[in-house]
Amino acid sequence: MKVERLALPDIVLVTPPRFGDERGFFSETYNAARMAAAGIDAVFVQDNHSLSRRRGVVRGLHCQLPPHPQGKLVRCTRGAIWDVAVDARQGSPTFGRWVAAELTAENGSQLWIPAGFLHGFCTLTDAAEVQYKCTDVWSRDCERSVRWDDPDLGIAWPVAAGDAILSDKDAAAAPFAAVRDWF
Ligand SMILES: Cc1cn([C@H]2C[C@H](O)[C@@H](COP(=O)(O)OP(=O)(O)O[C@H]3O[C@H](C)C(=O)[C@H](O)[C@H]3O)O2)c(=O)[nH]c1=O
C-alpha cells in the first residue's frame, strides 16, 4: 500500500493496491493491520456515506469536540473531491495550517484525518460520493462548523466563493478564531 505523509505530518494519504483483470478490479479498502503499519492505528465505530449531486458542493469545515472527537478515514467512491484537513489543536506547531488531497473513485486514495483537525471537501465532479470511517459516533452537541473560506486559513479551494454550494449550517459557520479553546 502506498503511504504518503503530507505537509501536516499527522495527515496520512494511503492508496491500497488494486488487482485488475478483464472483469475490473479488487481492492482491500480497509485492513486494520496494514492501516496501523501506515500510522492509522485507530478503532472505527461508524461509517458515513454522502452523495453530492453537483460540482462545487462544499461540506465543512467540521469537527466534533471532546468527549466525542472524531478521527476520519475518507475516500471517494464516485467522481472526485478535493479533501481538506486543518489543524485546530491548541499549541500545535502547525495550528491553523491546512493540507489537501484529491480523492477520486479512480485513484482510490484515502485521507486519514485525526481528531483535533477540521475536515471539509469540495466536489470536483457532479455526483460525487464520499465514504468515511469515524473513530467516534456522531454527537450533535459536540459537532462544530468553521467557515470554509475564512481568510485566516487562506484555503485555496478549487471553487469561487460565489459558486460554492453550502448547507445553511455551513453558510453560517463560525470564524476559525472560535477554535481557540476547542482542543
Ligand atoms: C454527520 C452526521 C449527520 N447526520 C445527520 C444530521 C443531518 O440531519 C444530516 C446531514 O448532516 P450534515 O448536513 O451535517 O452533513 P455534512 O454537511 O455532510 O457533514 C459532514 O461533513 C463533513 C465533511 C464531515 O467531516 C462530517 O462527517 C460531517 O459534519 O445527517 C447523522 O445522522 N449522522 C452523522 O454522523
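Parameters at a glance
Residues numbered from 1 in each chain as written. Predicted model: local features only at pLDDT ≥ 70, side-chain atom pairs only at ≥ 80, totals over all residues. Heavy atoms only, no water. UniProt positions renumbered as here; feature names shortened; annotations may be inferred. Helix = DSSP H or I, 4+ residues; strand = E, 2+ residues; numbered from the N terminus. Polar contact = N/O pair within 3.5 Å; in protein donor to acceptor, adjacent residues only side chain to side chain. Buried < 20%, exposed > 50% of the residue type's maximum accessible area, 1.4 Å probe, protein only. Core = buried A, V, L, I, M, F, W, Y, C linked by side-chain atoms within 4.5 Å. Contact = heavy atoms within 4.5 Å. Near = heavy atom within 4 Å. Nonpolar A, V, L, I, M, F, W, Y, C, P; charged D, E, K, R; others polar. Patch = residues over 30% accessible without salt bridge, like charges linked within 9 Å, V, L, I, M, F, W, Y side chains within 5 Å. Areas by Shrake-Rupley, 256 points an atom, 1.4 Å probe, with all protein chains shown as cover. Salt bridge = Lys/Arg side-chain N within 4 Å of Asp/Glu carboxyl O. Pairing = 2+ DSSP bridges. Axes fitted to C-alpha atoms, helices over the stretch in contact; angles between N-to-C directions.

Peer 1: What am I meant to see in the UniProt feature "active site" (unreviewed entry) in the protein chain here?
Peer 2: As annotated in UniProt, the feature "active site" (unreviewed entry) corresponds to His62 and Tyr132 in the numbering used here. Look at the named residues: they lie 71 residues apart in sequence, but the longest C-alpha span between them is just 13.7 Å, so in the fold they bunch up. Here His62 is to be found in strand S6 (residues 58–64). At 3.4 Å, the side chain of His62 and the backbone nitrogen of Gly60 are in polar contact. As for its position among the elements, Tyr132 is in strand S12 (residues 128–134). In this structure Tyr132 comes out as buried when scored by relative accessible area, which is 18%.

Peer 1: I keep staring at the nonpolar core and nothing clicks. Help me out?
Peer 2: Note that soluble globular proteins tend to have their nonpolar side chains buried in a common cluster. Counting residues in hydrophobic clusters, the biggest one holds 23 residues, and the most contacted among them are Leu61, Val86, Leu118, Val146, Ile155, Trp157 and Phe176. Listing elements by their share of this core, those giving two or more residues are S6, strand S8 (80–87) and strand S11 (117–123). With four residues, S8 is the single largest residue contributor to this core. Beyond its immediate chain neighbours, meaning those up to four positions away, Trp157 contacts Val58, Leu61, Trp82, Val84, Gly120, Phe121, Cys122, Trp148 and Asp149. Counting 18 residues, the second-largest nonpolar core is a separate cluster that includes Ala101, Leu103, Tyr132 and Cys134.

Peer 1: Which parts of the structure should I look at to understand the site of the ligand?
Peer 2: In the vicinity of the ligand, the contacting residues are Gln46, Asn48, Arg59, His62, Lys72, His119, Phe121, Tyr132, Trp138 and Lys169. Note that an oxygen atom of the ligand is positioned 2.7 Å from one of the side-chain N or O atoms of Lys169. Across the shell around the ligand, the residue classes tally to three nonpolar, four polar and three charged.

Peer 1: Can you help me understand a nonpolar patch on the surface in this one?
Peer 2: Where nonpolar side chains cluster on the molecular surface, the patch consists of Val43, Val45 and Val137 and spans about 260 Å² of accessible area. Within the fold, Val45 resides in the loop between helix H1 (32–37) and strand S5 (46–52).

Peer 1: I tried to follow the pairing of strand S2 (residues 12–15) on my own but got confused; where do I start?
Peer 2: Regular strands place their side chains on alternate faces of the sheet. Side-chain alternation along S2 places Val12 and Val14 on one buried face and Leu13 and Thr15 on a second face that is also buried. For strand S1 (residues 2–5) and S2, the ladder comprises four bridges, and the chain directions are antiparallel. Paired with Val3 across the strands is Val14, a residue of S2. Relative to strand S10 (residues 110–113), S2 runs antiparallel, the two being bridged by three bridges. Of the residues in S10, the one forming a bridge with Val14 is Gln110.

Peer 1: Got a minute to help me understand the sheet that holds S12 in this structure?
Peer 2: Strand pairing in a sheet takes place through backbone hydrogen bonds and is either antiparallel or parallel in direction. One open sheet holds the six strands; their spatial order is S1-S2-S10-S7-S12-S5, and the pairing between them is antiparallel. With one partner strand each, in any of the chains shown, S1 and S5 form the two edges of the open sheet. Mean inter-strand twist for the sheet, computed between neighbouring axes without regard to direction, equals 20 degrees.

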